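# Working through the structure, step by step
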Amino acid sequence: MSMETFEPLPHLKDVFTPGRSMEYRVRFAPSPTGSPHVGNIRSAILNWLFARHYNGSFILRIEDTDRERYTEEGVKAILDGLKWIGLYWDEGPELGGPFGPYIQSERLEIYHRCAQYLVERGYAYYCTCTKERLEEVRKEQMAKGIPPRYDRHCRDLGIKGSPGDPDKVIRFKIPYTGNTKFNDIIRGEISFSNALLDDFVILKSDGYPTYHLANIVDDHLMKITYVMRAEEWIPSTGKHILLYNAFGWKPPKFAHLSVILGPDKSKLSKRHGASSIIEFREMGYLPDALFNYLSLIGWSPKENREIFSRDELIQMFDLSGLNPSSGVFDINKLKWMNGEYIRMMKVDELVEVSMPFLKKRSWDRFPHEYLIKVYTLMQERLKLITDIYELGYYFFEDPHVYDENGKIRYFTPETKPHLEEIAERLYSLINFEHKDIEELFKAYAREIGIKLGFIVHPVRLAVTGMTIGPGLFELMEVIGKETCVKRIKKALDEI
RNA sequence: GCCCCUAUCGUCUAGGCGGUUAGGACACCGGCCUUUCAAGCCGGCAACAGGAGUUCGAGUCUCCUUAGGGGCACCA
């Protein structure tokens, strides 16, 4: 429509980023209301992969225009979360960039200038309607069965004002007729009837912009070329296109990502259990595994595998692999993948990432050499880093409780004399190494004429408190003679 | 209520231009291995939402129905 264009910050017109393509600039623009949700992180991952694939830029912008819900911890949680999962941004908070500031609350004057421009050109207007009046209008409309919308009471009143005046908001004028359409990369053409759109607020009475204004102003000023965001934004994209047109700006390309669902197929949220990235970290998920898993929901590469390194993901990333339909978050598959990643690690790496978790139980006091031995045995049995608490506690503490079923099966009066004898023989064993321990067990079984399992199982239960675990002889070597013998003797009291 | 999006195994998905025994992965169920568990290996179960149409031929194209999801704020 408008032939003229408006540049609130003309000096940015010719800025470019050395070494990075200006053609592929994407952003992740969360609002700091708490720890980032895996759905948001998934969007961030896809944007990041896109930027890396095309040697573009991944920009982080904090959308903190809702001062009611704003929390300082929210900002920190976002930065920490992104760093934890390895999504480093090229421009944004902490490191700045040519198009900053990257925090919207620091850009208020820009939004004011933009909003004022729209008012002056007749694209927007001041509105003094009170919340009470809006409420009344809405009620009336509902009663009549018409869609609740602002009745445009102030649209042609010519109310004067300046941005941020208390009790005044600025509303955008939606054309009465016509259609607004855009081409979505994933979904094709989507169009809206203007008659169904609302004269939405662009500047609130507290002087802060709404998402719609701030978002398009910043995307334009930061020279964002592709907007990849969740599909819940599709319905407001019509408004955004209208805004771009009013300013005379070229809209970016849009790709509306499918949403991540819970097992009940509604949008994944807290009520489905863990959903924030912090929680996954605490549950013992590896950032690489979560990254890998999340990148594969709603997107798929050409190759028929599922474990991909970051570099491979970057190489293969392609918009055409984006899936328009939503996917259910399958914690089971994530767990499996996490196990795969654990098994791919070197043992000392595994020990290193486990340290914070060991520390929580003061198990970090054990010598590094010991931990290496423990994890050598446990590595292929762990799906989560925290599984060590359940599956390997006996390397660090004496068993307090014995597996109930195991107790009934293995701690029988018949086994008691054997356990006593085994304890004695172990005590006399010079080389407490798994080969020798195994030989000792086998010799005893042969001698008495029993099956190996007849003594192996009770001893395992006595030493570990469990009926499952790594090879008994290897595990006993790690735990050591004194402790093993002590535990067997203690178990005798249970029989 | 109105608007928008979506639709292949239970779940994540492959299946550009219409012609496949509809492929893979997780989960599940068997088997092998084995002192248990895990890992690994081998095998199995399991899907084109429904209905019209176009066509020699439709998972693939069109329309309708149904179902699910999302959006209708001075929240993002």
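Just so you know, these numbers come straight off a predicted model, no measurement behind them.

Contact pair helix H11 (residues 347–360) / helix H12 (residues 368–378): the axes reach a minimum separation of 10 Å and the direction vectors enclose 105°. Taken together, the axis directions place H11 and H12 in an arrangement best described as roughly perpendicular. Of H12, the residues touching H11 (which contributes Val-347, Asp-348, Leu-350, Val-351, Ser-354, Met-355 and Leu-358) are His-368, Leu-371, Ile-372, Tyr-375 and Thr-376. In the contact of H11 with H12, the residues fall into eight nonpolar, three polar and one charged.

All right, on to the confidence of the model for chain A then. Any region with low pLDDT has predicted coordinates that should not be read closely. The predicted model of chain A averages 94 in pLDDT, with 99% of residues at 70 or higher. In the model output, the complex is listed with pTM 0.94 alongside ipTM 0.94.

In the neighbourhood of RNA strand B, 59 residues make up the surrounding shell, with Lys-204, Glu-380, Arg-381, His-457 and Gly-469 lying closest. A share of 68% of the atoms of RNA strand B within 4 Å of the protein falls on sugar and phosphate groups. Within the side chain of Lys-204, a nitrogen or oxygen atom sits 2.7 Å from a phosphate oxygen of RNA strand B. Separating a base nitrogen of RNA strand B from a side-chain N or O atom of Arg-460 is a distance of 3.0 Å. Broken down by secondary-structure element, the contributors of at least two residues to the surface near RNA strand B are strand E4 (169–172), strand E6 (188–193), helix H6 (234–247), strand E11 (327–328), helix H10 (331–344), helix H17 (452–464) and helix H18 (472–479). Counting residues per element, the surface near RNA strand B draws most heavily on H10, at five residues. Class assignment for the residues of the surface near RNA strand B results in 22 nonpolar, 17 polar and 20 charged.

Once that is clear, we can look at the packing of aromatic side chains. Following the criterion strictly, the structure yields 28 aromatic pairs and no others. With a centroid separation of 4.0 Å and an interplanar angle of 10°, the aromatic rings of Phe-6 and Tyr-117 are classed as stacked. A residue pair is termed long-range when its members are at least 10 positions apart, and Phe-6 in the segment before strand E1 (25–28) and Tyr-117 in helix H3 (residues 108–120) qualify at 111 residues. Take Tyr-117: its relative accessible area is 7%, and that puts it in the buried class. Ring geometry for Phe-50 against Tyr-226: centres 4.8 Å apart, planes inclined by 55°, an arrangement best described as tilted.

Definitions and cut-offs
Residues numbered from 1 in each chain as written. Chains lettered and ligands numbered in written order. Predicted model: local features only at pLDDT ≥ 70, side-chain atom pairs only at ≥ 80, totals over all residues. Heavy atoms only, no water. Axes fitted to C-alpha atoms, helices over the stretch in contact; angles between N-to-C directions. Helix = DSSP H or I, 4+ residues; strand = E, 2+ residues; numbered from the N terminus. Parallel < 35°, antiparallel > 145°, perpendicular 65-115°, else oblique. Contact = heavy atoms within 4.5 Å. Nonpolar A, V, L, I, M, F, W, Y, C, P; charged D, E, K, R; others polar. pLDDT = per-residue confidence, 0-100. Near = heavy atom within 4 Å. Polar contact = N/O pair within 3.5 Å; in protein donor to acceptor, adjacent residues only side chain to side chain. Phe/Tyr/Trp six-rings, centres within 6.5 Å; stacked < 30°, edge-to-face > 60°. Buried < 20%, exposed > 50% of the residue type's maximum accessible area, 1.4 Å probe, protein only.

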